[in-house]
Amino acid sequence: MPRALEAERITVQFGGLVAVNDVSLALDTGQIVGLIGPNGAGKSTLFNALTGYAKARRGTVRLFGSNVERLPPYARARRGMGRTFQIERPFEGLTVLENVLIPAFLRHANRAEAEAAAMHALELVGLSDRAVQPSSDLNLARRRRLELAKALAVQPRVLFLDELMAGLNPPALKEMIGFVRSLADSGIAIVMVEHIMQAVTELCEEVIVLAFGEKIAHGAPQQVMNDPRVVEAYLGGADE
Ligand SMILES: Nc1ncnc2c1ncn2[C@@H]1O[C@H](COP(=O)(O)OP(=O)(O)O)[C@@H](O)[C@H]1O
Ligand SMILES: [Mg+2]
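Cut-offs used in this document
- Within every chain, residues take consecutive numbers counted from 1 along the sequence as written.
- Throughout, the order in which chains and ligands are written sets their labels, letters from A for the former and numbers from 1 for the latter.
- Totals for whole chains, interfaces and linings use every residue, but because this is a predicted model, local features are given only for residues with pLDDT of at least 70 and side-chain atom pairs only at 80 or more, for both listing and counting.
- For each domain, the first and last residues come from an automatic or database assignment.
- Our contact criterion uses C-beta atoms placed from the backbone: two residues qualify when those atoms are within 7 Å.
- Only DSSP runs of H or I with at least four residues qualify as helices, and only runs of E with at least two residues qualify as strands; both kinds are numbered from the N terminus onward.
- Residues are grouped as follows: Ala, Val, Leu, Ile, Met, Phe, Trp, Tyr, Cys and Pro are nonpolar; Asp, Glu, Lys and Arg are charged; all remaining types, including Gly, are polar.
- Labels follow a simple rule on C-beta atoms placed from the backbone: if 20 or more others lie within 10 Å of a residue's own, it is buried; if 12 or fewer, it is exposed; otherwise it is partly exposed.
- By this definition, two strands are paired if DSSP reports at least two bridges between them.
- What counts as an axis is a line fitted to C-alpha atoms, over the stretch in contact for a helix, and the angles between N-to-C directions run from 0 to 180 degrees.

(A) The arrangement of the domain arrangement of the protein chain in detail. Looking at the assigned domains, one finds that the protein chain contains domain 1 (1-80 + 156-240) and domain 2 (89-155). Taking only C-alpha atoms into account, the centre of domain 1 sits 24 Å from that of domain 2. If you look at the interface, domain 1 gives eleven residues, while domain 2 gives 13 residues. Of all the secondary structure elements, the ones that give two or more residues to the side of domain 1 that touches domain 2 are α2 (73-78) and α6 (170-185). Of the residues belonging to the side of domain 1 that touches domain 2, the class tally is nine nonpolar, one polar and one charged.

(B) Local environment of helix α1 (residues 43-51). Counting buried positions over the nine residues of α1 gives nine, a clear majority of the element. Buried residues of α1: Lys43, Ser44, Thr45, Leu46, Phe47, Asn48, Ala49, Leu50 and Thr51, and no others. Looking one or two residues past α1, Gly52 carries a phi angle of roughly 100°, positive in sign.

(C) Layout of unusual backbone geometry. A positive phi angle, close to 60°, is found at Asp22, a residue other than glycine. Within the secondary structure layout, Asp22 lies in strand β2 (residues 17-27). For Glu163, which is not glycine, the phi dihedral falls at a positive 50°. You can see Glu163 is positioned in the loop between β7 (158-162) and α6.

(D) The environment of Gln86, seen in detail. Here Gln86 shows up in the loop between β6 (81-83) and α3 (96-107). Discounting chain neighbours no more than four positions away, the residues touching Gln86 are Ser44, Asp162 and Glu163.

(E) Representation of the pairing of strand β10 (residues 214-219) in the model. Sheet analysis places strand β9 (residues 206-211) next to β10, joined by five bridges and oriented antiparallel. Residue pairing in the sheet places Leu210 in a bridge with Lys215 of β10. Where β9 folds back onto β10 in an antiparallel hairpin, the turn is made up of two residues, including Phe212, whose phi is positive at roughly 50°.

(F) Examining the sheet that holds strand β3 (residues 32-36) more closely. Read across the sheet, six strands follow the order β6-β7-β8-β3-β9-β10 without closing on themselves; strand pairing throughout is mixed. A single partner strand is all that each edge strand has here, and the edge strands are β6 and β10. In this sheet, adjacent strand axes meet at a mean angle of 20° when their direction is disregarded. Note that β3 and strand β8 (residues 189-193) share four bridges and pair parallel. What sits directly across from Leu35, in β8, is Val193. In the packing of α6 onto the sheet, the strands contacted are β3, β7 and β8, and the crossing angle to β8 comes to about 150°.

(G) Region of the structure containing the sheet that holds β2. Pairing within the open sheet is antiparallel, and its four strands lie in the order β2-β1-β4-β5. A single partner strand is all that each edge strand has here, and the edge strands are β2 and β5 (66-67). By the bridge criterion, seven bridges tie strand β1 (residues 5-14) to β2 in an arrangement that is antiparallel. Considered in β2, the bridge of Phe14 is made with Leu17.

Structure below.
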């Protein structure tokens, strides 16, 4: 059985800066892997390289055994890669449903089918009752759920979540943890960039730690958090 996602030796360079250096990661259907590390470690850049938004200098990305590293973002989305963006930018002038329809059209050319897929994504995140509201009316917690619905509208088999839980209050956090758990239980492979350790420890069996573009640790959450290199990476960033 091929793994859901298998990325090998990904390197991304911006001019002289090596933002991601030789990072590999792999996961299976239903698994949630956490990706943590101080600000600027290269987490979002790694997501961009895996989903096609940033050009990798080197490395391969296989989705259920097929190489996708040469494909543009929309083609990777059609093959089952969904993602949220760290800075979500809903189209303020559009309704909640219209925002989700845009990615749904990547999978369904037919309007009725795209609408059904978009409504299903809204149901999964508990936003279907707000479908016809302008997205500008949503509070932070609901904007995050909208961002998740947009990622789900491509019916992903591998899902990338970039700090989806940052800034949520405890009830909204608990709710979002529940959504992510049920998505994994439904068979989606999930990679999650997250600073909120409660979410990481509750959801991830496995965590990868990046610092200065490099993978410095990989293992169970408790194990990596006690790794001296990881402690040092976080403390080193704290007085910047
Ligand atoms: N488009 C870009 N052009 C140049 N440098 C970038 C670009 N995107 C990110 N970087 C740099 O790459 C490094 C990693 O950034 P990023 O992936 O956003 O880190 P993280 O998500 O871990 O906080 C940072 O030094 C950042 O300034
Ligand atoms: Mg980031």
